[in-house]
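# A closer look at the structure
For reference, the chains in residue letters:
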Amino acid sequence: MDKVLTIAIPAYQVENYIIKCVESMTRIPGRERLDVLVIDDGSTDRTGDLADKLAHKYPECVRVIHQENKGHGGAINTGIRKAAGRYFKVVDGDDWVNPQALEELTDYLEKADEDVFFHDYVEIYERIRKKRRFSLPFQAAKAFKINELKPTDFLAMHSFVYKTALLKAMPVKIDEHCYYVDLEYSLCPLWWAKDFRYEPLPVYQYRLEREGQSVSPEGFRKHVKDHERVLFTLTDFYKTYCEKAEEDGEGASREYVAHQVADRYLRHILKCCRHLDGKQVSVSSYLQNVDEKMKKSSPYLYDHLLQEESKKGSLSNLQLRLLRVTGFRIWPLVRLKWKLMGK
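Numbering of residues starts from 1 in every chain and runs along the sequence as written. Since the coordinates come from a predicted model, pLDDT governs what is reported: local features require at least 70, and pairs of side-chain atoms require 80 or more to be given and counted, while whole-chain, interface and lining totals use all residues. Values reported for side chains reflect all heavy atoms of the structure, with hydrogen atoms and water molecules removed beforehand.

## So, the overall build of the protein
Strands are runs of DSSP state E lasting at least two residues, helices are runs of H or I lasting at least four, and both sets are numbered from the N terminus onward. When helices and strands are tallied, the protein shows 13 helices and ten strands. Across its three principal directions, the C-alpha atoms of the protein cover 60 × 45 × 35 Å. In this description, contact between two residues means that some pair of their heavy atoms is separated by no more than 4.5 Å. Put simply, 80% of the contacts in the protein that link residues at least 6 apart link residues at least 24 apart. Areas reported here follow the Shrake-Rupley algorithm with a probe of radius 1.4 Å; residue values treat only the protein chains shown as occluding. On the protein, roughly 15,900 Å² of surface is accessible, and the fraction owed to carbon and sulfur atoms is 49%.

## Here we look at the packing of aromatic side chains
The description of two aromatic rings rests on the distance between their centres and on the angle between their planes. Two rings belonging to Phe, Tyr or Trp (six-membered ring only in the last case) form a pair when the distance between their centres is within 6.5 Å. Interplanar angles under 30 degrees mark stacking, angles over 60 mark edge-to-face geometry, and anything in between is tilted. Counted under the stated rule, the structure contains 18 aromatic pairs. Chaining the aromatic ring pairs together yields one cluster made of Phe118, Phe138, Phe144, Phe160, Tyr162, Tyr185, Phe196 and Tyr198. Consider the ring centre and the ring normal. A charge sits over the ring if Lys NZ or Arg CZ is within 6 Å of that centre and within 35 degrees of that normal. One residue, Arg267, lies across the ring of Phe154, its end atom 4.5 Å from the ring centre.

## Some thoughts on the packing of helix H8 (residues 224-242) against helix H10 (residues 283-297)
Relative orientation of the contacting elements H8 and H10 amounts to 10°, with a least axis distance of 11 Å. One finds that H8 runs roughly parallel with respect to H10. Here H8 runs over H10; the crossing is right-handed. Contact residues: Val224, Lys225, Glu228, Leu231, Phe232, Thr235, Asp236 and Lys239 in H8; Tyr286, Val290, Lys293, Met294 and Ser297 in H10. Taken together, the residues that form the contact of H8 with H10 break down as six nonpolar, two polar and five charged. In this description, a line fitted to the C-alpha atoms serves as the axis of each element, helices being fitted only across the stretch in contact, and the angle between N-to-C directions of two axes falls anywhere from 0 to 180 degrees. In what follows, roughly perpendicular refers to angles from 65 to 115 degrees, roughly parallel to angles under 35, roughly antiparallel to angles over 145, and oblique to any angle outside these ranges. By convention the crossing between two helices is left-handed if the near helix lies anticlockwise of the far one by an angle smaller than a right angle, and right-handed if it lies clockwise. Note on residue categories: nonpolar means Ala, Val, Leu, Ile, Met, Phe, Trp, Tyr, Cys or Pro, charged means Asp, Glu, Lys or Arg, and polar means any other residue, Gly included.

Encoded structure:
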C-alpha cells in the first residue's frame, strides 16, 4: 500500500515519552497508510532502543533511523530525505497526536492534492493541568491560494502538513545543531507552495512546562544565540529568494514573508527583554548589536518594522523607537510592562 502520510519524529533523550508518542499514531484503523519515521538523533538514553522495539511491534508503519546528533533541524532534514509518504508532518518525540483526529486527517489527505494542509493543535500545560486549543481563521473544506494568506496570519509548526515532494524539491535546508528551527520550517516552504486547505481537527497535542524545554525562560536564556541565528537565517532567506524576485509567484507573497520575518525580530527583542538576566549579560548592548545587524542585513526589513502597528503585538511603535534611540537601555521598562500585564 502506498503511504499517505510520513510523520517524522525527531527524538532526542525522550525515553519517557516516545512510546506514548508513537502508539498514539498506531491506534488508528488503517495505520499501514502511515509512515511513522522515528529519527533517533544521537540519544544516549533508552530512546533508540524503545524506538527499535516499537518498529518491531508495528512493522507495517514504524521505521527508525539512528544518526549522530544533528539537532532538531537535522532530524527534520533526515525525515524529509527519507520520507515515503505523499504528505509530511513533524511531531516531536515528547508530544503526541489525537488518534481520532489523525485518522480523519489521513482520510482527507488520501484524496487531497493541495500543497499544504492546516489543522488545529492543543497546548497541554502539565503543571497546571490545563488545555488550550488553537484554531485557524480559515474556512474549512475549501482550497485557498497560498498568496491569500494575510501577513498577520501566524501559523505554528504544529498545524502544518506539507506535500512531501514540495519539501524534497525546496532548495533550502533547515539549520542543524540549532534550536527554534520551527520558525524556518513553518515559513520557507510557503514561498514555493501554491495552495492550502484547512480542517478543524485537533491533531497535534503539544506538551508544555516540561523541564528543559527550549521554549521556557531558562531554555531561552541558554539558547538565545540560536534564536538569533534563526532570525538571520530567515532574513537571508528573504533577501535571497523574495527581495530579488521580480514579482510574486504562486506561493506566499513577499509581503507575507517580510511581515513574518519582521515579527520574528520583534519577538526576539521581547523575549530578550523579558527573559535575559541583566546581571549576567549586557542586555542593552546585545540588543543594540542585533538591531544594528538587522539594519545592515536588510534595510527594508528594518524599516518594515515601523510601517504597521499590527506588527508589534505588545511592542508599540513608540516603544520600539524609544528602545532604538536610547540604545536599548530602557529594556527593563518593557519587562516591567509585561509584569504589570501579568504575562
